[in-house]
Each structure stands twice: as C-alpha cells, then as structure tokens.
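Structure at a glance
Take a look at the letters that make up each chain.
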Amino acid sequence: MSTTTEKSAVAGSIAPSAPPDRSAAAEPPARHKRRRRFGAVAGAIWLFAITLAAVAAPILPLPDPAKITDQYSIPPFQQAAHILGTDPLGRDLLSRVVHGAQISLAVAIGATLLALAVGTALGLAAGFFRRSVDVTFDIGTNTILAFPPLILLIALVAVMEPSIGTLMIGLALVGMPTFARIARANTIAFAGREFVTASKSLGAGTFRIIVREILPNVALPVFSFAIVVAATLVVAEGSLSFLGLGVPPPAPSWGGMIAAERESLYEDPYLVLVPGAFFFLTVLSLNLTGDWARDRIGRESSL
C-alpha cells in the first residue's frame, strides 16, 4: 500500500504539469498601461509647448537673446523681467533657451525627416528587389554603422563649414541606416502577402505596387520609430554644440549654452541647469511619446 502510494507520489512529481497560462503575463497590467499613457500625454504636452514657443519666439515679448546688458548673472526668479535669470553677459536666459529650441528642434526634426525619406526609399528598394540591390544595401548600411556616430559627425562637421544645413546632413546620415533597416524588414514581410500577389496578377507595375500596396504598411512603424530617432538626434546635436562644432555663436543652442557656462557650474549652477533642464525634458518627452507610439502600433499590427 505504501509502495503504491510512493510510486504515485513519484509519478506525480515527475509528470509534466500543464503549461502556465502566459496570456496574462504577455499583456501589460492596467497600471503599467496607465503609467505609459500618462507619460506619453505629459511628453506630448511638453513637446507641443516647447515647439509652439520656438515657432512663436519672434513675436513673443522676449528680449533679444544676443543683447548684452548690465544685468549680470541674476539668478532665476529674482526679477520679473528676467524670470529665469541672466548669464554673465546680462543676456536673458529664458529668451536664449526659447530661441535655442528653434535651432535644436529644427536640426533634429529636419535631420529626422531627411533620414526617414532616404532610409525608407532605400529600404523599400532593398526589400522588394532583393539580390544585388539588397547586397549593395547591406554593404552601405554596414559601412555607415561601422563608424562611431559621434566620430563620423565630428569628421563631417570638421570638413564642412558648421551650419544648420551641415548638422542636418550629418545627423541624417547617422539616422538613415535605422530607418532603412526597419523599412527593409517590413517590406520583406509584406512583399509576399496576398494583396501584393493579387496586384501583380492584375498587371500592376512595380512602382504602383511599392507605393500603393507596400508603402502604407511600412510607413506606420517607420513613423512611430521616428520620434525616438528625433530624441537621439537632439542629443547628438547638443553633443556637437557642446564640443563647439554646432551652430556658431552668437546663435544660441542648448548644447552651446551648457558648454559656454560649464566653468561657472560651481559658482552659478543655474547657468547650466536652465538649458540642461529644457534639454532633458525635451529628450525625455520624445522618448516617452515614441515608446508609447511603438507599443500601440505593435499591438495593432499583431491583431
């Protein structure tokens, strides 16, 4: 009797148990979803506000960001006329960070759109035609990715004259391989689908199939990832400006403002903290919004 019981116990201990139900684990909890949604909404509000301020900077009641006055190194919230304080030359910090947003956002958004357009076109061609086009695509993207991005940007800016156009071209070159690979992977996934085969059987041309059938399905994941790439390019532009390779003074930029006042970090830390806070909040907002967009599009594409 005891032997039978022991055998049953041993058999029960080694018998394969039912696989756990992973459906609940695969779906994020409601609290996590609410937190991600709240972060995305807060990030979108900040991005809207800073973009609106940057666009409307010429008509806002702000002093000239390059105007030197005798109001030297006033800390934030000490004077109503200079709510965020002034720098050692008496220039208004609020005006400088708002006008600096024009340069930082214009360079990052412009470079992102350029990288998106070129990278998506190359990815569509490589994923649809394959063979020699795909081989050339791999060689080109791997060559660009082989260079450290910051070193590549420094070399490009050192050869060309530092300007907004140079920064856009350099940053677009850095971001282009990412868009190209995403577009290529999605093109390969959709090129063999039934609606593409039906279009071919109906006599549709190559250009029409790519533009009408494949591109709309590729555009959504590419655009969702563009927000995260824009955050990366904001950091890259700030890094170049910090190294003195960005837009030359007296035009303000967040990275240039941080670099110019880094020696005053211990005496007047607000000179670095004010542009640094704008820089941090913008990059964080782009990341939060981009992560939410990618998660949302990923769930919709899995349905």
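Rules and cut-offs
Residues numbered from 1 in each chain as written. Predicted model: local features only at pLDDT ≥ 70, side-chain atom pairs only at ≥ 80, totals over all residues. Heavy atoms only, no water. Helix = DSSP H or I, 4+ residues; strand = E, 2+ residues; numbered from the N terminus. Contact = heavy atoms within 4.5 Å. Areas by Shrake-Rupley, 256 points an atom, 1.4 Å probe, with all protein chains shown as cover. Core = buried A, V, L, I, M, F, W, Y, C linked by side-chain atoms within 4.5 Å. Buried < 20%, exposed > 50% of the residue type's maximum accessible area, 1.4 Å probe, protein only. Axes fitted to C-alpha atoms, helices over the stretch in contact; angles between N-to-C directions. Parallel < 35°, antiparallel > 145°, perpendicular 65-115°, else oblique. Nonpolar A, V, L, I, M, F, W, Y, C, P; charged D, E, K, R; others polar. UniProt positions renumbered as here; feature names shortened; annotations may be inferred. Salt bridge = Lys/Arg side-chain N within 4 Å of Asp/Glu carboxyl O. Left-handed = near helix turned anticlockwise from the far one by under 90°. Patch = residues over 30% accessible without salt bridge, like charges linked within 9 Å, V, L, I, M, F, W, Y side chains within 5 Å. Phe/Tyr/Trp six-rings, centres within 6.5 Å; stacked < 30°, edge-to-face > 60°. Expected span 1.5 Å × (residues − 1). Bend = angle between axes of the 7 residues up to and from the residue. Lys, Arg positive; Asp, Glu negative; His and termini not counted. Charge placed at Lys NZ, Arg CZ, Asp CG, Glu CD.

Across its full length, the protein carries 11 helices and 0 strands. Counted from the first residue to the last, the protein has its helices and strands arranged as α-α-α-α-α-α-α-α-α-α-α. For the protein, the proportion of contacts with a sequence separation of at least 24, taken over those separated by at least 6, is 71%. Accessible surface for the protein amounts to roughly 17100 Å². Of this, 68% is attributable to carbon and sulfur atoms.

Our next topic: the nonpolar core. In terms of nonpolar packing, the biggest core is built from 59 residues, with V97 and I214 touching the most fellow members. Sorting the residues of this core by element identifies α3 (30-55), α4 (93-129), α5 (131-146), α6 (149-159), α7 (164-191), α9 (206-242), α10 (254-260) and α11 (270-302) as the ones contributing at least two each. Excluding anything up to four places from it in sequence, I214 contacts L124, F128, T187, A191, V196 and I209.

In this section: the packing of helix α8 (residues 194-201) against α9. At a closest axis distance of 10 Å, the pairing of α8 and α9 adopts a crossing angle of 175°. Between α8 and α9, the crossing angle belongs to the class labelled roughly antiparallel. Residues F195, V196, S199 and K200 of α8 form the contact with α9, whose own contacting residues are I209, E213, I214 and N217. Of the residues that constitute the contact of α8 with α9, the class distribution is 4 nonpolar, 2 polar and 2 charged.

For I103, the position within the fold is in helix α4. For the pair I103 and P252, spaced 149 residues apart in sequence, the C-alpha to C-alpha distance is 7.7 Å. Setting aside residues up to four positions removed in sequence, I103 forms contacts with E237, V247, A251, P252 and S253.

Sites flagged by UniProt as "transmembrane region" (unreviewed entry) map to residues 38-60, 103-127, 139-158, 164-183, 218-236 and 270-289. Taken end to end, residues 38-60 is 78% helix and 0% strand, and its first and last C-alpha atoms sit 30 Å apart. Summarising residues 270-289: 100% helix, 0% strand, and an end-to-end C-alpha distance of 28 Å.

Scanning the model with the defined rule gives 4 salt bridges in all. Here R130 ties to D134 by a salt bridge, and the two come within 3.1 Å at their closest N and O atoms. The partner of R184 in a salt bridge is D134, and the shortest N-O contact between them spans 2.7 Å. Here D134 lies in helix α5 and R184 lies in helix α7, a separation of 50 residues in the sequence. Residue D134 is classed as buried on the basis of its relative accessible area, which comes to 7%. Within this structure, R130, D134 and R184 form a network of salt bridges that share partners.

Of note, F77 is a non-glycine position whose phi angle comes to about 60°, a positive value. In this structure, F77 sits in the loop between α3 and α4. Its identity as a non-glycine residue notwithstanding, R130 has a phi of 55°, on the positive side. Within the secondary structure, R130 sits in the loop between α4 and α5.

Right, let's talk about the packing of α4 against α9 for a bit. At a closest axis distance of 7 Å, the pairing of α4 and α9 adopts a crossing angle of 145°. The interaxial crossing formed by α4 with α9 has right-handed handedness.

Bringing a nonpolar patch on the surface into the picture now. Together, L114, V118, L122, V159, M160 and I169 make up a nonpolar patch on the protein surface, roughly 510 Å² of accessible area in all. The element that contributes the greatest number of residues to the nonpolar patch is α4, accounting for 3 residues. If you trace the backbone, V118 turns up in helix α4.

Another aspect to go through is the packing of aromatic side chains. One pass over the full model with this rule turns up 4 aromatic pairs. Each ring, one from F128 and one from F129, has its centre 5.3 Å from the other, and the planes form 85°; the classification is edge-to-face. Assessed through its relative accessible area of 16%, F128 is described here as buried. On the basis of relative accessible area, F129 is assigned to the partly exposed category, the value being 43%.

Here α9 contains 37 residues, and its C-alpha end-to-end distance of 46 Å is more than 12% below the 54 Å for a straight helix at 1.5 Å per residue. Of all the bends in α9, the largest measures some 55° and sits at L215, one to four residues before the proline P216.

Helix length check: α7, at 28 residues, gives a terminal C-alpha distance of 38 Å against a target of 40 Å (1.5 Å per residue), a fit within 8%. Largest kink in α7: about 35°, centred on G175, with the proline P177 one to four residues after it.

A cluster of basic side chains, namely R31, R34, R35 and R37, defines a positive patch on the protein surface. Mapping R31 onto the fold places it in helix α3. Exposure remark for R31: the relative accessible area of 61% places this residue in the exposed category.

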